[in-house]
Amino acid sequence: MKLRCAGLFAGIGGIELGLSRAGIEAEMLCEISPAARDVLSARFPDARIEHDVREIKALPSVDIVAAGFPCQDLSQAGQTKGISGLNSGLVNEMFRLISTAKKKPTWLLFENVPFMLALQKGQAMRHLVTSIEALGYRWAYRVVDARSFGVPQRRRRVILLASRSKRPEDVLLVDDVGDPNLTGNRRTARGFYWTEGRTGLGWAVGAIPTLKGGSSIGIPSPPAIWFPARRTLELPGIRDAERLQGFEAGWTGAAEAQSRLGRNARWKLVGNAVCVPMMEWVGHRLVQPGKYAGRSDGMWDGASAWPNAAWGSNGRVHVSSASSWPSATTLPSLSAFLKHKTKPLSARATRGFLARARSSGLNFEDGFLDDVEHHLSMVEASD
């Protein structure tokens, strides 16, 4: 019998698309952003679309309730107000709906940023776990890297799964290939945040750093890619950004066409999305769980930082050694992955980045700043 899910804070449907690739059907989706709802309506025509989680009176009878709840208050790039913040605190609406459901869903699925494990001494994770256990669920979570699934984007996320009758650890913790040593070579492309430069770059070898809904200069924008072989700094287009999240190219086109919004709006939608292959893996394991032994897992002392992977119930937290790489899918090079035309980082953007980099105390890879200067001379000459 096919599993069914309800997606809260659905965005452009990254969780639900991933689950659907494992045969799990989306029955209801809720999303407050009109542009994101345009995408959901176009891509999930058979699902019921709700506008505001606060106005939902009751959940449909489903097997899974999923929530990629807002991360603005939990991320380093956001407001860091914590789980009680106006945005991230909306996850409590999910607990309200679960508590009043006539038939409790078998599974609860959450996705968010790893910084919530440390923010305010782990208060967000403690709140989630306490709320889940109060509803009679046991839980497991794990920090997972999107690169593990063949996506050249360094995107680490916490996946938290809970159930009243199943063992979540048999889904999240059974697959593990160990964190690889990704060093690259002199010709390997590097991704970085061109909007940064003073205190960090988000440097990623052979990948781009995390796609984000915004940036330090207040606009949604893609990371830049340094191609040492051709001494250029280039930006991927929106279609490849969609692919870097695991969607098909053009997935968010409805937001631009129906809402008459520009590309910047699409960048924000894609940056805030959930990586599809990550959720496809979860979906396949929900359909066919493994068997996690966990015999060597020790107890968390409650005083140190929350571990990167754990499972528990009834106030007990077992620390798992599971790495952030469940899968050994081959990671393609950025040059091979990008299918659509890139554009050079503009002279203005390059000058600004170079000025910040020169005035910072950061150490850069040999040849990087030389190539930034070379790129600047090329784009200035072409203007």
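Okay, so let's go over this structure.

What counts, and at which threshold
Residues numbered from 1 in each chain as written. Predicted model: local features only at pLDDT ≥ 70, side-chain atom pairs only at ≥ 80, totals over all residues. Heavy atoms only, no water. Helix = DSSP H or I, 4+ residues; strand = E, 2+ residues; numbered from the N terminus. Rg over C-alpha atoms; globule rule 2.2 N^0.38 Å. Buried < 20%, exposed > 50% of the residue type's maximum accessible area, 1.4 Å probe, protein only. Contact = heavy atoms within 4.5 Å. Areas by Shrake-Rupley, 256 points an atom, 1.4 Å probe, with all protein chains shown as cover. Lys, Arg positive; Asp, Glu negative; His and termini not counted. Charge placed at Lys NZ, Arg CZ, Asp CG, Glu CD. Pairing = 2+ DSSP bridges. Axes fitted to C-alpha atoms, helices over the stretch in contact; angles between N-to-C directions. Parallel < 35°, antiparallel > 145°, perpendicular 65-115°, else oblique. Left-handed = near helix turned anticlockwise from the far one by under 90°. Nonpolar A, V, L, I, M, F, W, Y, C, P; charged D, E, K, R; others polar. Salt bridge = Lys/Arg side-chain N within 4 Å of Asp/Glu carboxyl O. Expected span 1.5 Å × (residues − 1). Arc of directions from axis to C-beta.

## Considerations on the overall build of the protein chain
Part 1: For the protein chain, the count of helices and strands is 12 helices and 16 strands.
Part 2: Taking 2.2 N^0.38 as the reference for a compact globule, 383 residues should give roughly 21 Å; the C-alpha atoms of the protein chain span a radius of gyration of 21 Å, in line with that estimate.
Part 3: Counting over 383 residues, the protein chain shows a buried share of 55%.
Part 4: Restricting the contact set of the protein chain to residue pairs at least 6 apart, pairs at least 24 apart contribute 69%.
Part 5: With the model as given, the accessible surface of the protein chain reaches about 16600 Å², and the carbon-plus-sulfur share is 48%.
Part 6: A distance of 1 Å separates the average location of the 49 positive side-chain charges in the protein chain from that of its 36 negative side-chain charges.

## Digging into the pairing of strand 6 (residues 138–145)
Part 1: Burial runs high along strand 6: 7 of the 8 residues are buried.
Part 2: Sheet topology places strand 6 next to strand 14 (residues 309–313); 4 bridges connect them, and they run antiparallel. The residue of strand 14 that forms the bridge with R142 is A309.

## Some words on the packing of helix 11 (residues 347–359) against helix 12 (residues 368–382)
Part 1: Two numbers describe how helix 11 lies on helix 12: the axes approach to 9 Å, and their chain directions differ by 155°. Between helix 11 and helix 12, the angle is such that the two are roughly antiparallel. Handedness of the crossing formed by helix 11 with helix 12: left-handed. Seen from helix 11, the contacting residues are A347, T350, R351, F353, L354, A357 and R358; seen from helix 12, they are F368, L369, V372, E373, H375, L376, V379 and E380.
Part 2: Broken down by class, the residue content of the contact of helix 11 with helix 12 amounts to 9 nonpolar, 2 polar and 4 charged.

## Observations concerning the sheet that holds strand 6
Part 1: Pairing within the open sheet is mixed, and its 9 strands lie in the order 3-2-1-4-5-8-6-14-15. Either end of the sheet is taken by a strand with one partner, and the two such strands are strand 3 (48–50) and strand 15 (316–319). Strand-to-strand, the axes of this sheet are offset by a mean angle of 20°, without reference to chain direction.
Part 2: Across 4 bridges, strand 14 lies against strand 15 in antiparallel orientation. Opposite W311, over in strand 15, you have H318 as the bridge partner.
Part 3: This element, helix 3 (residues 91–100), spans strand 1 (4–8), strand 4 (64–67) and strand 5 (107–112) of the sheet and lies at about 180° to strand 5.
Part 4: Against the sheet, helix 4 (residues 123–134) touches strand 5, strand 6, strand 8 (156–163) and strand 14, its axis set at about 15° to strand 8.

## Describing the environment of F247
Part 1: Mapped onto the elements, F247 comes out in the loop between helix 6 (238–244) and helix 7 (253–258).
Part 2: In the structure, F247 is positioned 245 residues away from K2 in sequence and 23 Å away in space, judged by C-alpha atoms.
Part 3: Not counting the four nearest positions on each side in its chain, F247 is found in contact with I12, G13, G14, L17, E242, A273, V274 and V276.

## Focus: the pattern of salt bridges
Part 1: Per the stated rule, a full pass over the model turns up 21 salt bridges.
Part 2: As a salt-bridge pair, R43 and E248 come within 3.3 Å of each other at their nearest N and O atoms. Residue R43 is found in helix 2 (residues 34–43), and its partner E248 is found in the loop between helix 6 and helix 7; the two are separated by 205 residues along the sequence.
Part 3: By relative accessible area, which is 29% here, R43 ends up partly exposed.
Part 4: The exposure class of E248 is partly exposed, given its relative accessible area of 44%.
Part 5: For R266, the salt bridge identified is with E242, shortest N-O distance 3.0 Å. One end of the pair, R266, is in helix 8 (residues 263–271); the other, E242, is in helix 6, with 24 residues separating them in the sequence. E242 matches R266 in its accessibility class, with the two residues each being buried.

## Re helix 4
Part 1: For helix 4, spanning 12 residues, the distance from its first C-alpha to its last is 16 Å, which sits close to the expected 16 Å at 1.5 Å a residue.
Part 2: For helix 4, the full list of buried residues reads A124, M125, L128, V129, S131 and I132. Each buried residue of helix 4 sits inside an arc of 165° when the element is viewed along its axis, so together they form one side.
Part 3: Packing partners of the buried residues in helix 4 comprise helix 3, strand 5, strand 6 and strand 8.
Part 4: Just beyond helix 4, the residue with positive phi is G136, at close to 90°.

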